[in-house]
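Coordinate inspection notes
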Amino acid sequence: MISEKMVDLVKNSSVIRAMFEEGQKMAAIYGAENVYDFSLGNPNVAPPAAVAETIKELVNEDSQRLHGYMSNAGFEDVREAICASLNRRFDTHFIAENIIMTVGAAGGLNVIFRALLNPGDEVITFAPYFGEYRSYVRNYDGKLIAIAPDTTTFQPDLTAFEQAITAKTKAVLVNTPNNPTGVVYSEDTIKKMAAILEKKQQEYGTEIYLISDEPYRELVYDGAFVPYLTKYYKNTIVGYSFSKSLSLPGERIGYLVIPGEIDDYKMVQGAANVANRILGYVNAPSMFQLVVAKCIDEKTDVAYYDRNRETLYNGLKDLGFSCIKPEGAFYLFVKSPIADEKEFCEKAKKYHLLIVPGSSFGCAGFVRIAYCVSYETIVNSLPKFKELAEEIGLQ
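In short, a report on the structure. Just so you know, these numbers come straight off a predicted model, no measurement behind them. (Residues numbered from 1 in each chain as written. Predicted model: local features only at pLDDT ≥ 70, side-chain atom pairs only at ≥ 80, totals over all residues. Heavy atoms only, no water.)

**Quick look at unusual backbone geometry**
Here the amide bond leading from A127 into P128 is cis, since omega sits at -5°, within 30 degrees of zero. Looking at the secondary structure, you find P128 in the loop between β3 (122-126) and α7 (132-138). Following T176, the chain continues to P177 via a peptide bond in cis, the omega torsion being -5°. One can find P177 in the loop between β5 (169-175) and α9 (187-204). (Helix = DSSP H or I, 4+ residues; strand = E, 2+ residues; numbered from the N terminus.)

Here it is in structure tokens:
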């Protein structure tokens, strides 16, 4: 018999992944060009050309360095390159010791939760949220507390947030730009959140860490400003991934920033280093540590995503669908035109439209549409969305 913890996880396996796999089967039957798979945040934009060139150059490097072990935290020169980039862009003062290279953002979150959480500790997040957060917290016997959303703006409800903080609150997990809404948490929101956390730390005499999950930081539109959270609250830890910024999701490469000024820094930094090893990662992939260091200033083609965003958003609005316009990431979070958004997703399948129910993100009544697909997919899907709208009486 498998672990009792795993029984529920197997039963409730990722809806997003299941939808993606169903899309693969449908493509085999109907042809890929006739299936409109908006399920998975899998970048369609190719990595910058410099990534492939760097890989070719690295093949001739010393094999021990290219393929061998290193410090659990990663190559020091890689961490120095990341520090230099962050310090230049955000006027921070990090050093290599503040960086731990991780197996993507997911690996980084698991590392920091392993380092911080005791059984029964609470981690607060804001719905809608990436569904795997619940599993990451549960992995270490913590409890995820989700704050219900303001579905008008999808900015965090700070009144509910303040009321939810208890003596058991160990961390607050935020994701901005947000998956699935594309909302960027405003600087005013972050300042107020920081003030609440400072007040609650004093009230309970505990440390409450603010963990910022930032795989979409570079994907913003219309000049949106994404605050760098270490500048607003001392006990902030940042998790980052190159999966979206360099279109490298399968390479599993990211990092944690653990600033020297956080409470109990030496213990937290040391625990995260050990967690990286004992969770089985040992270290982040060696080759792609070296790749991202050399490509640290490269950028994905945000304009491509922006064209997709504008075309799909305007197209759906013209058909009568309701959605806030995303400021970042590459998702639309659309209000379901019928009460049961799962039923709506099933109806969409008849038109070969694969979208994800909002309940997967802790926010029923909405659906997520990932527009990190080809522009042709966006354009060709709109007549199908029109047929769907007509079936449910939206037109």
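Here the narrative resumes, following the displayed structure.
**Section: the nonpolar core**
Counting residues in hydrophobic clusters, the biggest one holds 36 residues, and the most contacted among them are F38, L312, L316, F330, L332, I369 and F385. Breaking this core down by element, the ones donating at least two residues are α12 (302-318), β10 (331-335), α13 (341-349), β13 (366-370) and α14 (375-391). No other element matches the 5 residues that α14 contributes to this core. (Core = buried A, V, L, I, M, F, W, Y, C linked by side-chain atoms within 4.5 Å. Buried < 20%, exposed > 50% of the residue type's maximum accessible area, 1.4 Å probe, protein only.)

**Some points on the sheet that holds strand β6 (residues 209-213)**
The 7 strands lie next to each other as β2-β8-β7-β6-β5-β3-β4, forming an open sheet whose pairing is mixed. At either end of the open sheet lies a strand with only one pairing partner, and these are β2 (99-102) and β4 (143-147). Averaged over neighbouring strand pairs, the angle between their axes works out to 20° when direction is ignored. Bridging between β6 and strand β7 (residues 236-241) involves 4 bridges; their strand directions are parallel. Bridge pairing in β7 links S212 to V238. (Pairing = 2+ DSSP bridges. Axes fitted to C-alpha atoms, helices over the stretch in contact; angles between N-to-C directions.)

**Thoughts on the side chain of T311**
Within the element layout of this structure, T311 appears in helix α12. There is a polar contact of 2.8 Å between the side chain of T311 and the backbone oxygen of R307. With sequence-adjacent residues up to four places away left out, T311 is seen in contact with Y375, I378 and L382. (Polar contact = N/O pair within 3.5 Å; in protein donor to acceptor, adjacent residues only side chain to side chain. Contact = heavy atoms within 4.5 Å.)

**Some points on the sheet that holds β10**
The strand order β9-β10-β13-β12 describes an open sheet built from 4 strands, whose pairing is antiparallel. A single partner strand is all that each edge strand has here, and the edge strands are β9 (322-323) and β12 (356-357). Bridge count between β9 and β10: 2 bridges; the pairing is antiparallel. Along β10, the bridge assignment pairs S322 with K335.

**Points about the packing of aromatic side chains**
The relation between two aromatic rings is expressed through the spacing of the ring centres and the mutual angle of the planes. In this structure the tally under the stated criterion is 21 aromatic pairs. Seen from their ring centres, Y240 and Y255 are 5.1 Å apart, and the 25° between their planes marks the pair as stacked. Remark: Y255 occurs in strand β8 (residues 254-257) and Y240 occurs in strand β7; sequence separation between them is 15 residues. An identical accessibility class is assigned to Y240 and Y255; each is buried. Residues Y304 and Y305 carry aromatic rings whose centres are separated by 6.5 Å and whose planes lie at 85° to one another, so their mutual orientation is edge-to-face. Looking at Y305, the relative accessible area reads 0%, which means it is buried. (Phe/Tyr/Trp six-rings, centres within 6.5 Å; stacked < 30°, edge-to-face > 60°.)

**As for the packing of helix α3 (residues 49-58) against helix α11 (residues 286-294)**
Taken N-terminus to C-terminus, the directions of α3 and α11 make an angle of 125°; their axes are 9 Å apart at the nearest point. In terms of their interaxial angle, α3 and α11 are classed as oblique. With respect to the hand of their crossing, α3 and α11 are arranged in right-handed fashion. Residues V51, T54, I55 and L58 of α3 lie in contact with α11, whose contacting residues are M287, F288, L290, V291 and K294. A breakdown of the residues in the contact of α3 with α11 according to their chemical character gives 7 nonpolar, 1 polar and 1 charged. (Parallel < 35°, antiparallel > 145°, perpendicular 65-115°, else oblique. Left-handed = near helix turned anticlockwise from the far one by under 90°. Nonpolar A, V, L, I, M, F, W, Y, C, P; charged D, E, K, R; others polar.)

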